[in-house]
Amino acid sequence: MTDIQGRWMDTPLMGKAHDHAAAPPLSERFHAEARKLTARYPEGQSRSALLPMLYLAQAEQGYVSATAMRVIGDLLGLTRAQVGAVATFYTMFKRDPQGRWLVSVCTHPSCALAGGQQLKERLEQELGISCGETSGDVSLEEVECLCACDGAPVFSVNYENYERMSVDDAVGLVNRLRAGEVPPPGARGEVPEEFGPVNHRLSGAEAPR
Amino acid sequence: MTVEQAPVNLTIDGEDVSVPAGTLIIRAAEKIGKYIPRFCDHPLLDPLGACRQCLVEVEGQRKPLTACTTPVAEGMVVKTEFTSELARDGQEGVLEFLLINHPLDCPMCDKGGECPLQDQALAYGPGSSRYIDPKRRFTKPVPISPLVKLDRERCVLCARCTRFSDQIAGDPFIELFERSALEQVAIFEDEPYESIFSGNVIQICPVGALTSSTFRFRARPFDMASADTTCNRCASGCRITVQTRRGELVRVLAKDDREVNDEWICDKGRFAHPYAQSPERVVEPLVRKNGEFVAVSWAEAVQVVADRITAAREAGKGSAVIAGQQLVDEDAYALSRFARTVLGTNDVDARRVLGGEDEDAVLAALPKTITAANQDIDTAKLIVTIGVDLHEESPIVFLRVRKAGRKGVPVREISARRSAGNVQGARWTACRPGEEATLLAGVARALEARGNSGLDPSTRAAMQGVDPTSEMQELAAALQGVHGSVVILVGERLAAVPGALGLAWNITKAVDGTFGWIPRKAGARGAAWAGLHPALLPGGRSVESTDDRAAFGEVWGIDPPSRRGRDARAIFRTAPELGVLLLAGADPATDFADRQQAARGLDDAPFVVALDMFLTESARRADVVLPAAAAYERNGTVLNWEGRPRPVKAAVPPAGLAQADYEILAQIANAAGGEFPQTLEALRKEIKALLVQPAAARAVTVGQLARPSADGLVLATHRPLLDDGTMMKGADALAQTAAQVVVEINPADARGLTSGEPVVVHAPLGEVRAPVLVTDAVARGVVFVPAHAGFAGRAGEAVTVEKAGG
Amino acid sequence: MSTSTLQETKVVTQRFDAPDGARLDGYRRTGGYEALRKALSMTPDEIVDVIKTSGLRGRGGAGFPTGTKWSFIPKDIRPSYLVCNADEGEPGTFKDRELMERDPHQLIEGMAVGAYAIGSTEMYIFCRGEFAYAARQLERAAAEAYEAGILGKNIMGSGYDLDLIIHRGAGAYICGEETALLEAIEGRRGQPRLRPPFPATHGLFSKPTVVNNVETFACVPHIITNGADWFKDFGTEKSPGTKMFCLSGDVERPGNYEVPFGTPARDLIEGFAGGVKGGKKLKAFTPGGASSTQFFGPDKLDTNMDWESVMAAGSLLGTGAIIVFAEDVCMVRAALRYTRFYAHESCGKCTPCREGTYWMVNTLERFENGQGREEDIAIMNDVAGNIIGRSFCALGDFSIAPVTSTTKLFADEYRQHIAKGGCPFDR
C-alpha cells in the first residue's frame, strides 16, 4: 500500500539523506526568532516551540533539513531522534525542498464529486510529476479534507484556497504558476504568500503574542 | 493501616484477589497466577495502553478495558479470556491485527523460541489469518548501533524500547517516527543508538525487531545452557544469566532483581564476555627458563613458587602481595590469609588510589553500620555524589539515582567533570581535583553554623580556617534540610585527597544520612573487606590491634604480623629487596598512575609470581604465571558496593588448566608446608568463625586537609566504562561504541583552542596526544583525560596543554 | 434552481454578511464585547452556572455539556488553561473555518469569557496549519484586541490579565482529539494521552485545562448577553440552541446553514441547500460527516437534526456535516476514500486502528480494482468489529463507519464490483 502521497512504505533512516545540497544555512535571524518563540511559553516548557521552530527552519530552507533538526535539537535540549520523531509525524513538514508554490489538491468525496480527482490527475499530467514531487516553481500534493467543502472542488496554493474553479481553469492557473507568474487572489480575496513567508507566518513569529 | 492503605478486593474470573490500592489489573492477575497477554506493558515502564492486547471485560463497562492501564477498584468483577467472550474475542482480534504486517521470519529470527509474540499468538490468537494483501515492507535489518540491529517489519510498535530509552536510561536516541501504518522505530542516522544501556531493549523487545548483532544467528534458546550468576564488571552487582551453547559463552542476559538492578544491565556486562574465551588466555602454568616462558605442569609450577617462598623466609627477606580489584570474595580472603600466614607479611595492597588515615578508617568501617543500600537511594530526599561519575563507573546505580530524579528527588553532583548521565534536575558543583576536602570542610562549617551539632572533633578542627562560599552554604542548607534521608555516594578516587573521605563520612553521620562508597571494580569492596590492605585484617580488623591479631591467630594457627605493612607504592620502590612479589589479578604496569615505577619494580623484584588470565604488561615481567579462572568459570561470592553478598556461579569449566585463585593459593601453601583451607566451604567456614562478631566501631578521623591545588591546569581522570583493558578483549562491536579519547577543557581555559583540533597534554608521568573538546562540562582549571593505555596521570597533578604538531 | 424560502436562525453567523463584521469596529458596533464586559462583572461561578443552565453542548463532535466541562476545573490549582480546538479536520465540516474567517472577534470574546470563568490568564487557539486565511483573520483580530485593551493586562479595566497565543497545527487530523492537541502544543507527536488523568486536572503542561470547539465558544457571548433561557428556547430540550450545519457534496447550494437543533434533515438538504444537484435522486447522506457511525438513506430524510433524534435513528450528529451523495455515486469508492483518510491520519499508537484501517483500505482497493471477494464483506465487518471499542481513541471507532454503513446499506454495490470485475460507476 502506498500512503496518500504515493510514497512506498519503505523509508530510509532520517539523517544525512535529508540534507539536500541546495539548502542555505540557518541565519542569525532564525536563531533570534527561535529564541523569541521559546519565550512565548511558560518556564520549563520550551519544547512547545518545537513545531514553530520547524516552521521557521522550513521558511528559510524550503523544507526541514537534517541540519535544521540538529540545530533545533541543540536549541531545545532534545536529541535529533526526538526532533525527527515529531517532524515526521506531521505532513506539513516537508522532506524535500518545495517550490515557491505548493499546490494541494483535495480528493475527498465532497471535492471528488465536483472534479477534484480529475484535477489531481490533470495536474500530474500537465506538470509531468506525481503528487509529492516538484517541478520548477510548483510542488504538487494530494491532501485530506481542507474543510472548505462548500467550495468544492478545493485546491490551495500555499494554503490559500481556490474554490469552485473548473478543472480547466484550475489547470490554467497552475500552468501560469509554473511559467513564473504569481497567483491571482484566492477565494477570500487575498493573494497567497510564497512558501517561505507562509511558513514564517506558520511559526507564529508574526503573531501578536 | 489507614483507610487509604487498605487493600482492594476484587474478583478475576471468579477468583478472589486482594491487592494494594493502585495496583493495575494486569499485576493483580499475575498475583493469582493468571497471565494476561501483553506487549507494551512492562512492570518497570509507565503504563501505555497502546497495543490493546491485554483487553479484559469489566462488569459494568460497555467497552473492554486494557488491564495494564486500569487500576483495581473495590468489588470490581474482571473477566479475562478464560471467562469472557468479549475479552477472548478482543485479544484474538489484536493478535490477528499484529500478524497482518508481521513478516514470516520465525525460521531466521533470533527471537524464535523465546518470543512473546509467538507464544501469545499460539495461546491467545486465531489459528490462521484472513489477511491476503501485501504487508508493509522495510529495508532490514538496519544497524542502529554496532551492537543493535533493527528490523522494522517485525516491530509491533509496543514502544517498550523508546520508553525504556526515554524513561529509564535517559538516552532518547531511539524514537517512533512517522505515523499510521508507516510508524516505525528509528534513529537519526548520524546519531546512532549509543547508550551504555542499549542492550536492554534487545531483551525487552517482545519480538525480533531489536536483536543483538553479536548474538545474531548463534543459538536457539533451547540449545543453550544457563547459569545465573553476578556480573563482575563494576560494583553494581547485577544479577545476570550467562548462556552457553556447547560450552561456548554466547550470551549474557539481565536477570530480574528489584533490589539491585531491576531488570537491567549495562552493555559492558552484557557484551564484554568474549574475553573469557579469548585465544589469548593463559591456559597453562608458565615458568621462565633461560629468559623464556615454558609451559609446565601445575605440580612443577607450584613447587617452584613454594620453594622460592621458603627460601625467602629463610633468608629473612620480606615478600609482598599486589592484589587486583576483580577478585571474588573467597579468593580475596584466601589471598589476605596467604599473605599473613604463608608469606608472613602485611605488605598487601589492592588499592589503586592510595589515601591517608581516613581512607583506612572508612575502608575498615565499611563492613557495617551507616553504609547505604539501593533502598536508601529509592527513599532518599536528597542524593549527593562526590568524586564519582555513576553513569561511567557504576551504571546501574546511576539508573537508580535517575529513577529518584524522575520522581523529583534533588540530585547534586560534586565533581571535576559533569557526568554525561541524564538525571532530571540534577545540579552540578564543579570542583577541581584536590579541592574536594576544602569544599567539604566548608560545607561542614556551614552545617555547624546552621545549628548542626553532630560533627566530630577532628572534623571541627579541620574545618577551622575554611570560609564557606555561597555554594558550600547552599549545599549545607540542602543537607541540613533533609536530615535523616540523604544518601551521600563517594567515589574511591576521593581517597587521594587527604581528608576528603573522612569529611564526607563525618558529614554523613552528622546529618544522619547513609554513606555509599562506590568503587570502580567489582572486587574492590571485597578486597577491603578481606583486608587486602597493609593495615587491615579481614572484616575491618586491625593489624595493630593485639586482640584482633589474637583472634585471627586462633583460627589461622599463626598470628598475623603486628606492624603496619607497606602500601603498593612503597612495595614497588623497595622491590629489589623483596623475596617474592605476588600479583593476584593485578596489572600495575597498566593500571597504576605511575606505570614506570610499577614496571621498574616488577623488573627489579627478584622473583615475581602472577596469577592472571592473560599475559598482561605485568604478567609478562613475571617469573611464574599461574592461569587463573575467569568469573564465569567458578563459584563464589562477590560483595557489591552496598556490601550485599552476590552469588557467583560457574557457567563453563575453566579454560585449559586454569584454576580459581583460592585453589592455586591452597596448593602453594601446602607445598610451602602448612595448613590452608582447600575448598570454598572451608574458606567460608573460616570466615564465619572469624567474623561472627562485627568489628568494633571505629571513628573516622580527619587529618590534615589536602593543600589546595596549584593555580593553572590540573588533571582530572578516571577510567571510562568501555576502556581498553584486557577484559574487553574480543568485544569488538562493544568497543566500537566506546567514546574516542578526547582532551576536555573548559572554554575559560581553552585559549584559542577549538574543538576537534589535536593537542598535547603534558603531565608529570607522561603525555598524551588527542583531539580537544572545549566544553563547560569540565570545571575551570581542569583538563580531563580518560585513563587509557597510552596515558598515565594522577588526578590533581599540574598539567599543560598546547596545540599538537608544529 | 430556486432559493430557499426557509430562513436561517442566525446567532453565531449573524455578522457573516456584514462587510466589516471581522473588524473590531464592526464587531463593537453590533454589540461585540458587551458580553465580556458583563461577564467580567459576574463571578466565575455565576458564568459557569449560566452556561450549565443553558444546556450548551460542545459542537466539536462529542456534544459534551460545556458548563459541566468548565465546572470540572479545580479552583485551587493554577495556572489553568483555556484552549480552543480550531483544528477542524472532520471531512465535510467547514463551520469553524468560516467562523474564524468571518467573525474572529466572536471567538475571542467567547474564549475570554470562558477563560475568566475558569481562572485562566492564558488562552490558546490551536489553529489548523492549512487554515491560512482564517489564521490571518485571527491574528488581525487579536492584534486589534490587544491594541484596544481587550487582551493583555487589565482587560477592559477589570484588573484581569488575559493573553492569547495562536499556535498552529502541522497537518494531522488526530490533533483534533483534545489530548493529542495538547501533545502537539507541548511539542510532541500528536498521539492521544492515557485518561485518567483527564485534561480538567492534568491538561496542558499538566495543568487544569478546558478544550472546546470554535463553534462552542462562539455561542458563549450570546448566552451571556441574552441569558440561558433565551438559548434554551431554540432547539430541543436535550439539544438546545442553534447549530451550523455544513452542507456539501451533491447539492445545489453547498454552505453553512445555521438553524435550531431539531430541524429536519430534509429542510437542510432540500430546502436550504436546494436539493440534490442536477435534480438527481438522493442515494445517501451523512448526518455528521465521515465519522457518522451510520450513513443515512433517503428513508431518513425526515430525521430531526439533534443529538437524540440522530442517535435514535442509528447514527451520530457529530459535527453536523451533511455530505450528500447522488444516485450515481459509487459508495464503495467513497468508502475507500474515507477509509484511506482514516488510515493516513491514524496516529499509529494502537494496534486495531493502525493495522485495521490498513487492512480495510487494502480490501476496498481490491474491490475498486475488481478483485473483491464475497467473503471480504464479512471479513471487513469483522475487522471493524475488532476495532470499535478496542482502539485507544475515537478515531478508531469512527474509522469503521464508512465500511460498516456502506456494506450494510449498499452491499449490492460491492457485489456489482465483484461481478463486473471493476467499478460500475463513473463517480
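So, a few notes on the structure that sits alongside this text. Fair warning: this is a prediction, and the values are worked out from it, not measured in the lab. (Residues numbered from 1 in each chain as written. Chains lettered and ligands numbered in written order. Predicted model: local features only at pLDDT ≥ 70, side-chain atom pairs only at ≥ 80, totals over all residues. Heavy atoms only, no water.)

### Here's the deal with the overall build of chain A
Helix and strand counts for chain A stand at 8 helices and 5 strands. Its helices and strands in sequence order give chain A the pattern α-α-α-α-β-α-α-β-β-β-β-α-α, from N to C terminus. Over its C-alpha trace chain A gives a radius of gyration of 18 Å, about what one expects of a compact globule, namely 17 Å for 209 residues. In terms of its C-alpha atoms, chain A occupies a principal-axis envelope of roughly 50 × 40 × 30 Å. Looking at chain A residue by residue over its 209 residues, the buried ones come to 61%. The long-range fraction of contacts in chain A, counting pairs at least 24 apart against all pairs at least 6 apart in sequence, stands at 67%. For chain A, the exposed surface amounts to about 7,300 Å²; the carbon and sulfur share of it is 49%. Of the charged side chains in chain A, 20 are positive and 27 negative; the average position of the first set lies 6 Å away from that of the second. (Helix = DSSP H or I, 4+ residues; strand = E, 2+ residues; numbered from the N terminus. Rg over C-alpha atoms; globule rule 2.2 N^0.38 Å. Buried < 20%, exposed > 50% of the residue type's maximum accessible area, 1.4 Å probe, protein only. Contact = heavy atoms within 4.5 Å. Areas by Shrake-Rupley, 256 points an atom, 1.4 Å probe, with all protein chains shown as cover. Lys, Arg positive; Asp, Glu negative; His and termini not counted. Charge placed at Lys NZ, Arg CZ, Asp CG, Glu CD.)

### Looking at the pairing of strand β32 (residues 758–763) of chain B
Residues and elements named next belong to chain B. When β32 meets strand β33 (residues 766–774), the two strands line up antiparallel, connected through 6 bridges. Note on β33: the bridge partner recorded for Ala-763 is Gly-766. Across 4 bridges, β32 lies against strand β35 (residues 800–803) in antiparallel orientation. What sits directly across from His-762, in β35, is Thr-800. (Pairing = 2+ DSSP bridges.)

### Quick word on the interface of chain C and chain A
Across the contact, 68 residues belong to chain C and 48 residues belong to chain A. When chain C packs against chain A, close to 4,800 Å² is buried across both sides, 57% of that on carbon and sulfur atoms. The three residues of chain C that bury the most area against chain A are Ala170(C), Arg337(C) and His344(C), which together make up 14% of that side's buried surface. Across the contact surface, chain C and chain A share 9 salt bridges. Close ionic contact of Glu139(C) with Arg201(A) constitutes a salt bridge, the shortest N to O distance being 3.5 Å. In this assembly, chain C and chain A are joined by 24 residue pairs in polar contact (both at pLDDT 80 or more). Of the residues in the side of chain C that touches chain A, the class split is 33 nonpolar, 15 polar and 20 charged. (Buried area = accessible area lost by both parts, 1.4 Å probe. Salt bridge = Lys/Arg side-chain N within 4 Å of Asp/Glu carboxyl O. Polar contact = N/O pair within 3.5 Å; in protein donor to acceptor, adjacent residues only side chain to side chain. Nonpolar A, V, L, I, M, F, W, Y, C, P; charged D, E, K, R; others polar.)

### A look at the interface of chain B and chain C
Counting residues at the interface gives 37 residues for chain B and 34 residues for chain C. For the pair chain B and chain C, the two sides together bury roughly 2,900 Å², of which 52% comes from carbon and sulfur. Among the residues chain B hides against chain C, the three largest losses belong to Phe97(B), Arg130(B) and Arg179(B). Together they make up 27% of the total. Counting the contacts that link chain B with chain C gives 5 salt bridges. With its nearest N and O atoms 3.2 Å apart, the salt bridge here joins Arg390(C) to Asp89(B).

### Let's talk about the packing of aromatic side chains
Counted by the stated rule, this structure contains 32 aromatic pairs over all chains. Centroid distance Tyr275(B) to Tyr632(B): 6.0 Å. Interplanar angle 40°. Geometry classified as tilted. Of this pair, Tyr275(B) sits in the loop between α6 (267–271) and β14 (286–289) while Tyr632(B) sits in the loop between β27 (624–627) and β28 (636–639), placing them 357 residues apart in sequence. Just above the ring of Phe89(A) sits the side chain of Arg179(B); from NZ or CZ to the centre is 5.8 Å. Cation over ring: Arg251(B) sits above Phe215(B), and NZ or CZ is 4.5 Å from the ring centre. (Phe/Tyr/Trp six-rings, centres within 6.5 Å; stacked < 30°, edge-to-face > 60°. Lys NZ or Arg CZ within 6 Å of the ring centre and 35° of its normal.)

### Examining the sheet that holds strand β18 (residues 382–386) of chain B
Residue and element names in this part refer to chain B. Spatial strand order, β20-β19-β18-β21-β22: 5 strands in an open sheet with parallel pairing. Looking at the sheet topology across the chains shown, the edges are occupied by β20 (427–430) and β22 (514–518). On average, adjacent strands in this sheet sit at an angle of 15° to one another, irrespective of strand direction. (Axes fitted to C-alpha atoms, helices over the stretch in contact; angles between N-to-C directions.)

So, to be careful, I would describe these as geometric facts and stop short of saying anything about function.
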